[in-house]
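A closer look at the structure
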Amino acid sequence: AAFLFAGCGGDKVVAVVNGENITADEVNTRLEQIAAMYGYDLESQESKERIGQLEQQVMEYLIEEKVILQSAREKNISVSDDAIAVEMKKIKEQLQDEDKYQEFLEARKFTEDNLKSFIANQLMLDQLIDEVTREITTSDRDPKAYYEEFKSEFYQPEKIKARINNLRRQIEIT
């Protein structure tokens with residue numbers, strides 16, 4: 001696939017997040033993985049017309065991911081190789097044999113290392129969420145009564161109006 005960052009070379013740094021680099025290769029790899037996951041054909045005319053937008057979304061995702069993982073590391077959250085191995089074993093058991101496992105990886109444009117990294121990131125994210133939400137408690141207060149009491153804080157007419165106008169324009173176009 002011909003991507004905007006393709007001519008940059010895999011090592012070219014396209015963003016730096018608190019000292020951590022994001023390379024063109026990372027953007028291209030993640031773009032291919034997301035396309036495979038959602039069934040996008042990156043060679044289609046529509047995709048070629050939107051490639052810049054898709055790359056921008058992937059860049060934003062990678063930046064958010066780096067910030068979240070940095071936050072997890074700041075809280076001394078880490079994932080053991082054993083925890084990753086347990087998750088890998090679960091996936092392989094679900095797929096039943098090595099051929100299906102390889103098909104799974106290929107269909108998603110993942111290498112085994114990509115999958116391990118993905119699992120590690122997800123496990124770190126789960127731990128971070130647990131850490132951050134540990135002290136949060138919920139009340140038995142009626143949500144409708146809360147809404148009625150603070151209704152003005154939920155009302156945003158400009159955004160609603162803009163979204164309605166945007167939706168109308170989209171309907172007119174199609």
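Not measured: the values here are computed from a predicted model.

1. Concerning the environment of Lys109
- Considering the arrangement of structural elements, one finds Lys109 in the loop between helix 4 (98-107) and helix 5 (112-133).
- Put simply, Lys109 and Glu32 are 77 residues apart on the chain and 6.6 Å apart in space, counted from C-alpha to C-alpha.
- Beyond its immediate stretch of four places on either side in the chain, Lys109 contacts Glu32, Gln33, Ala36 and Asn114.

2. Structural notes on the packing of aromatic side chains
- Under the counting rule described, the total for this entry stands at three aromatic pairs.
- Taking the centre distance of 4.7 Å and the plane angle of 45 degrees together, the rings of Tyr146 and Phe150 count as tilted.
- Residue classification places Tyr146 among the partly exposed residues on the basis of a relative accessible area of 35%.
- You can call Phe150 partly exposed: its relative accessible area is 24%.
- Between Lys92 and the ring centre of Tyr101, over which it is positioned, the NZ or CZ distance is 4.7 Å.

3. Focus: the side chain of Arg30
- As for its placement among the helices and strands, Arg30 is situated in helix 1 (residues 24-38).
- Of note is the side chain of Arg30, whose polar atom sits 3.3 Å from the side chain of Glu65.
- Those residues in contact with Arg30 that sit more than four places away from it in its chain are Val58, Tyr61, Leu62 and Glu65.

So, how was this worked out
Residues numbered from 1 in each chain as written. Predicted model: local features only at pLDDT ≥ 70, side-chain atom pairs only at ≥ 80, totals over all residues. Heavy atoms only, no water. Helix = DSSP H or I, 4+ residues; strand = E, 2+ residues; numbered from the N terminus. Contact = heavy atoms within 4.5 Å. Phe/Tyr/Trp six-rings, centres within 6.5 Å; stacked < 30°, edge-to-face > 60°. Buried < 20%, exposed > 50% of the residue type's maximum accessible area, 1.4 Å probe, protein only. Lys NZ or Arg CZ within 6 Å of the ring centre and 35° of its normal. Polar contact = N/O pair within 3.5 Å; in protein donor to acceptor, adjacent residues only side chain to side chain.

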